[in-house]
Amino acid sequence: MLEDGKIFIGKSTKPEYLDLALANRHGLITGATGTGKTVSLQVLAEGFSNAGVPVFASDIKGDLSGIAAPGNAKDAFIKRAKEVGIEYTPDRFPVVFWDLFGEQGHRVRATVSEMGPLLLSRLLDLNDTQEGVLNIAFRIADDQGLLLLDLKDLRALLQLVADSAQELTTTYGNVSKATIGTIQRQLLVLENQKGNEFLGEPALDIKDLMRTDRDGRGVVNILAADKLMNNPRLYATFLLWLMSELFETLPEVGDLDQPKLVFFFDEAHLLFADAPKPLIETVERVVRLIRSKGVGVYFVTQNPADVPETVLAQLGNRVQHALRAYTPREQKAVRVAAQTFRQNPAFDTEKAITELGVGEALVSMLEGKGVPSMVERTLIAPPMAQVGPIDQAERQQIIAASPLRGKYEQTIDSESAYEMLAKRAEKAAAEAQGGGGILDMLGNLFGTNNQRKGTMTVGQRVTREVTRTVVNQTVGSIAAEIGKSIAGRQGGSIGRAIVRGTLGGLLRR
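Residues numbered from 1 in each chain as written. Predicted model: local features only at pLDDT ≥ 70, side-chain atom pairs only at ≥ 80, totals over all residues. Heavy atoms only, no water.

**So, the overall build of the protein chain**
Here's step 1: A tally of regular secondary structure across the protein chain gives 18 helices and 15 strands.
Here's step 2: For the protein chain, the proportion of contacts with a sequence separation of at least 24, taken over those separated by at least 6, is 76%.
Here's step 3: Accessible surface, the protein chain: about 21,700 Å² in total, of which carbon and sulfur atoms supply 50%. (Helix = DSSP H or I, 4+ residues; strand = E, 2+ residues; numbered from the N terminus. Contact = heavy atoms within 4.5 Å. Areas by Shrake-Rupley, 256 points an atom, 1.4 Å probe, with all protein chains shown as cover.)

Now the structure itself:
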């Protein structure tokens, strides 16, 4: 519910609001399972949408999809509305569904170059040595103007690096073929987990997340994450990539009357689980600076301790639902959660956290000049849209009527590193052997040829030594031709070297 530039959250001893002008100072929604975190998220998402602010949120259980359907005037909702002093009016909100696998929404993709070596290393669970070699591979791609779009491109590049390891060592550092083999094996594991469906073209256009409908209400972008959660590392890496893309893509706007986009990260603990210190430091920096891009980031997790202190310090708007405190560890977690609030002398915050009922929370929002308000025990307002998931038929109807229908469904296989390397090597092999063949060899190596047995092509008969010689000759001369090809496709915006941003993605500004 929206009132005078503020989102109504609920009622304590007074009405509790989130000031839209301070909404880009980020926030945190915490609480044990079943205490009402998703409802609080939905209340905020509805308020932002009514204010014309687009929202992006991951939907772990499918419950958030109900925001696309009008609410039911149940007795419990009507009663809660009266308790907080509002009228219950069923409503529905504009929604676009997204899905990395393309089953429950528009497919979401990113190119390998956009992901960059830092996030790919985390996605592949590489150690420091393997991450170093992957960085070398990306540097070679940058120096040679090789565009990496999908896993086929990355695997071709890694094969090139392995075959030229001795020659590349003096320029780029030590490269072990065994390490390359390990990375290739991890790429195969990623493919088996359907992670390759996320890497490729057409890549997501960030502008498609920042839409409003004809009535001026912000579109709520919902990522179907129920199946995605089977691969928590892919889920976390995708969200980190998306946040970095927003940071790199959007211009500086300073403090606005309201955000340009609000981002909800559900199961936020997965973003930081086993994350290396450099990555956490980078995320902290992005969270701190993305505010000036007009983006509000809201983490949703069970306990504030799930979020590193450096990131937690940036989250000014807080909603804390109930926590359990049966074990010493749980009691410590409650104590830590209580200490994150500006204390209210009217009650014991630590004790209140364990006594909160479902749909009740401790709320502290930024006010005035960005100072947190005193924590209040608050009844959360009921959502006006449906609470709980819509059925599959309703979801498919919304997808079919989406203004983005047809834009992301079909995979595009553009000319990139794999095709460029193969074409150049084919030409060199033809000159050396009197006939083509390296293209067929690369096709067999990377799974693009259907032939497995039978009559061998000329390329398949080329020895490993000849292949190495051809590839080494290719490395030195390929930059000019490929640079022209990329310049033609990218309008000259990417020169000989590809500049990488904060988390390793392409800097496209």
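The structure having been displayed, the exposition proceeds.
**What about the environment of Phe 299?**
Here's step 1: With respect to the secondary-structure elements, Phe 299 resides in strand 10 (residues 295-301).
Here's step 2: With near-sequence residues (within four places) excluded, Phe 299 lies in contact with Gly 27, Leu 28, Ile 29, Phe 265, Ala 268, Leu 271, Phe 272, Val 287, Val 311 and Leu 315.

**A short note on the pairing of strand 2 (residues 6-11)**
Here's step 1: One ladder, built from two bridges, connects strand 1 (residues 2-3) with strand 2; its direction is antiparallel. Following the sheet pairing, Glu 3 is matched in strand 2 by Lys 6.
Here's step 2: Pairing geometry for strand 2 and strand 3 (residues 15-19), over five bridges, is antiparallel. Looking at strand 3, one finds that Gly 10 is bridged to Glu 16.
Here's step 3: With two bridges connecting them, strand 2 and strand 15 (residues 376-380) associate as antiparallel partners. Considered in strand 15, the bridge of Gly 10 is made with Ile 380. (Pairing = 2+ DSSP bridges.)

**Details of the environment of Asp 215**
Here's step 1: With respect to the helices and strands, Asp 215 occurs in the loop between helix 7 (177-192) and strand 8 (220-224).
Here's step 2: In the structure, Asp 215 is positioned 163 residues away from Gly 52 in sequence and 8.8 Å away in space, judged by C-alpha atoms.

**Section: helix 10 (residues 277-289)**
Here's step 1: An ideal rise of 1.5 Å per residue puts 18 Å on 13 residues; helix 10 measures up with 18 Å between its terminal C-alpha atoms.
Here's step 2: Buried within helix 10 are the following residues: Leu 279, Ile 280, Thr 282, Val 283, Glu 284, Val 286 and Val 287.
Here's step 3: Taken together, the buried residues of helix 10 touch helix 3 (112-124), helix 8 (232-249), helix 9 (269-272), strand 10 and helix 11 (309-312). (Expected span 1.5 Å × (residues − 1). Buried < 20%, exposed > 50% of the residue type's maximum accessible area, 1.4 Å probe, protein only.)

**Structural notes on the packing of aromatic side chains**
The relation between two aromatic rings is expressed through the spacing of the ring centres and the mutual angle of the planes.
Here's step 1: Summed over all chains, the structure comprises 13 aromatic pairs.
Here's step 2: Residues Phe 198 and Trp 241 carry aromatic rings whose centres are separated by 5.8 Å and whose planes lie at 80° to one another, so their mutual orientation is edge-to-face. One end of the pair, Phe 198, is in the loop between helix 7 and strand 8; the other, Trp 241, is in helix 8, and 43 residues separate them in sequence.
Here's step 3: Taking relative accessible area as the criterion, Trp 241 reaches 0% and is therefore assigned buried. (Phe/Tyr/Trp six-rings, centres within 6.5 Å; stacked < 30°, edge-to-face > 60°.)

**What about the pattern of salt bridges?**
Here's step 1: According to the stated counting rule, one finds 23 salt bridges in the structure shown.
Here's step 2: For Lys 152, the salt bridge identified is with Asp 413, shortest N-O distance 3.5 Å. Of this pair, Lys 152 sits in helix 5 (residues 151-163) while Asp 413 sits in the loop between helix 14 (392-400) and helix 15 (417-433); the two residues are 261 residues apart in sequence, bridging distant segments of the chain.
Here's step 3: For Lys 152, a relative accessible area of 15% translates into the label buried.
Here's step 4: In this structure, the salt-bridge partner of Glu 284 is Arg 288, at a minimum N-O distance of 2.7 Å. With a gap of four residues between them, Glu 284 and Arg 288 both fall in helix 10, about one helical turn apart.
Here's step 5: Take Glu 284: its relative accessible area is 15%, and that puts it in the buried class.
Here's step 6: Here the salt bridges share partners, and the residues they tie into one network are Asp 205, Asp 208, Arg 211 and Lys 407. (Salt bridge = Lys/Arg side-chain N within 4 Å of Asp/Glu carboxyl O.)

**Some thoughts on the nonpolar core**
Here's step 1: Membership of the largest hydrophobic core comes to 89 residues, with the highest contact counts inside it found for Phe 238 and Phe 299.
Here's step 2: Considering every element that reaches this core, the biggest residue donor is helix 8, with eleven residues.
Here's step 3: Excluding anything up to four places from it in sequence, Phe 238 contacts Phe 56, Leu 100, Val 108, Phe 198 and Leu 223.
Here's step 4: Judged by nonpolar contacts, the second largest core, of 36 residues, contains Ala 23, Leu 41, Val 55 and Ile 380. (Core = buried A, V, L, I, M, F, W, Y, C linked by side-chain atoms within 4.5 Å.)

**Re unusual backbone geometry**
Here's step 1: Omega for the peptide link from Glu 201 to Pro 202 comes to 0°, which places this bond in the cis form.
Here's step 2: Note that Pro 202 resides in the loop between helix 7 and strand 8.
Here's step 3: Phi is positive for His 26, close to 75°, though the residue is something other than glycine.
Here's step 4: With respect to the secondary-structure elements, His 26 resides in the loop between strand 3 and strand 4 (27-30).
Here's step 5: For His 26, a relative accessible area of 2% corresponds to the buried category.
Here's step 6: Even without being a glycine, Glu 267 presents a positive backbone phi close to 50°.

**A look at the confidence of the model for the protein chain**
Fine structural detail should not be taken from predicted coordinates in areas where pLDDT scores are low.
Here's step 1: Taken as a whole, the protein chain shows an average pLDDT of 85; of its residues, 85% reach a score of 70 or greater.
Here's step 2: The model gives residues 450-498 a pLDDT under 50, and that stretch makes 79 contacts with residues more than four places away or in other chains. (pLDDT = per-residue confidence, 0-100.)

**A look at the packing of helix 5 against helix 7**
The description of two packed helices rests on the angle between their axes and on the distance between the axes.
Here's step 1: Running from N to C, helix 5 and helix 7 cross one another at 165°; their axes reach a closest spacing of 10 Å. By the angle between their axes, helix 5 is roughly antiparallel relative to helix 7. Crossing hand, helix 5 versus helix 7: left-handed. Residue-level inspection shows Leu 151, Leu 154, Arg 155, Leu 158, Gln 159, Val 161 and Ala 162 of helix 5 in contact with helix 7, the latter providing Lys 177, Ile 180, Ile 183, Gln 184, Leu 187, Leu 190 and Glu 191.
Here's step 2: Tallied by class, the residues present in the contact of helix 5 with helix 7 amount to nine nonpolar, two polar and three charged. (Axes fitted to C-alpha atoms, helices over the stretch in contact; angles between N-to-C directions. Parallel < 35°, antiparallel > 145°, perpendicular 65-115°, else oblique. Left-handed = near helix turned anticlockwise from the far one by under 90°. Nonpolar A, V, L, I, M, F, W, Y, C, P; charged D, E, K, R; others polar.)

**Brief notes about the pairing of strand 15**
Here's step 1: Here strand 15 shows a buried face lined by Glu 376, Thr 378 and Ile 380 and an unburied face lined by Arg 377 and Leu 379.
Here's step 2: Here four bridges tie strand 12 (residues 360-364) to strand 15, and the two strands are oriented antiparallel to one another. Looking at the pairing, Leu 362 lines up with Arg 377 of strand 15.

**Concerning helix 3**
Here's step 1: Compared with the 18 Å implied by 1.5 Å per residue over 13 residues, the 13 Å span of helix 3 between its first and last C-alpha is markedly short.
Here's step 2: When you tally the buried positions in helix 3, you get twelve out of 13 residues, the bulk of the element.
Here's step 3: Inspection of helix 3 places Val 112, Ser 113, Glu 114, Met 115, Gly 116, Pro 117, Leu 119, Leu 120, Ser 121, Arg 122, Leu 123 and Leu 124 among the buried residues, and these make up the whole buried set.
Here's step 4: Buried positions along helix 3 lie against helix 4 (128-144), helix 5, helix 7, helix 8, helix 9 and helix 10.
Here's step 5: Phi turns positive, to about 60°, at Asp 125, one or two residues after helix 3.

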